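Coordinate inspection notes
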Amino acid sequence: QELVGDKSLERFRAEYDKLHRALKKSHESEKRLIKKCRELNQEIVANAAKVQTALKLSQEDQNTIASLKKEIEKAWKMVDAAHEKE
């Protein structure tokens, strides 16, 4: 009780309060940043999965294109052979 009115400790108390507020503010900011990091990490994981799916579909499309080109080439050879018989 007698320390409450002690003027020599007032400066210490004010500095302690200032540091305490700064620490609380820093802690709240850290919690917000951690939450944001988790959200961004989840977004990265989701986007990575989408990229993998897109790459797989792209590869499948390339295979389909190659297959169709072979079929077209085969069909043209058959057309050419039919013309030669005429």
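Residues numbered from 1 in each chain as written. Predicted model: local features only at pLDDT ≥ 70, side-chain atom pairs only at ≥ 80, totals over all residues. Heavy atoms only, no water.

What follows is about the overall build of the chain. Each helix and strand in the chain was counted, giving 1 helix and 0 strands. For the chain, the C-alpha radius of gyration of 36 Å lies well beyond 12 Å, the compact-globule estimate for 86 residues. In terms of its C-alpha atoms, the chain occupies a principal-axis envelope of roughly 120 × 15 × 10 Å. Here the chain holds 86 residues, and 0% of them are scored as buried. By element, 59% of the accessible surface of the chain is carried by carbon and sulfur atoms, the whole surface being about 8,700 Å². Mean positive and mean negative side-chain charge positions of the chain (19 and 16 charges, respectively) differ by 6 Å. (Helix = DSSP H or I, 4+ residues; strand = E, 2+ residues; numbered from the N terminus. Rg over C-alpha atoms; globule rule 2.2 N^0.38 Å. Buried < 20%, exposed > 50% of the residue type's maximum accessible area, 1.4 Å probe, protein only. Areas by Shrake-Rupley, 256 points an atom, 1.4 Å probe, with all protein chains shown as cover. Lys, Arg positive; Asp, Glu negative; His and termini not counted. Charge placed at Lys NZ, Arg CZ, Asp CG, Glu CD.)

Moving on, we get to the environment of Glu-43. Mapped onto the secondary structure, Glu-43 falls in helix H1 (residues 7–85). Each C-alpha atom of the pair Glu-43 and Leu-68 lies 37 Å from the other, and the pair is 25 residues apart in sequence.

It is worth spelling out the pattern of salt bridges at this point. Applying the stated criterion across every chain yields a total of 4 salt bridges. Across the pair Arg-13 and Glu-10 runs a salt bridge, and its minimum N-O distance is 2.7 Å. Separated by 3 residues within a single helix, Arg-13 and Glu-10 lie in helix H1, roughly one turn from each other. On the accessibility criterion, Arg-13 (42% relative accessible area) is partly exposed. The exposure class of Glu-10 is partly exposed, given its relative accessible area of 34%. For Lys-77, the salt bridge is made with Glu-73, and the minimal N-O distance between the two is 3.8 Å. Here Glu-73 and Lys-77 lie together in helix H1, a separation of 4 residues that amounts to about one turn. (Salt bridge = Lys/Arg side-chain N within 4 Å of Asp/Glu carboxyl O.)

Another point: the environment of Glu-30. Along the chain, Glu-30 falls in helix H1. Here Glu-30 falls in the partly exposed class, since its relative accessible area comes to 44%. Here the alpha-carbon distance between Glu-30 and Ala-48, two residues 18 residues apart in the chain, equals 26 Å.

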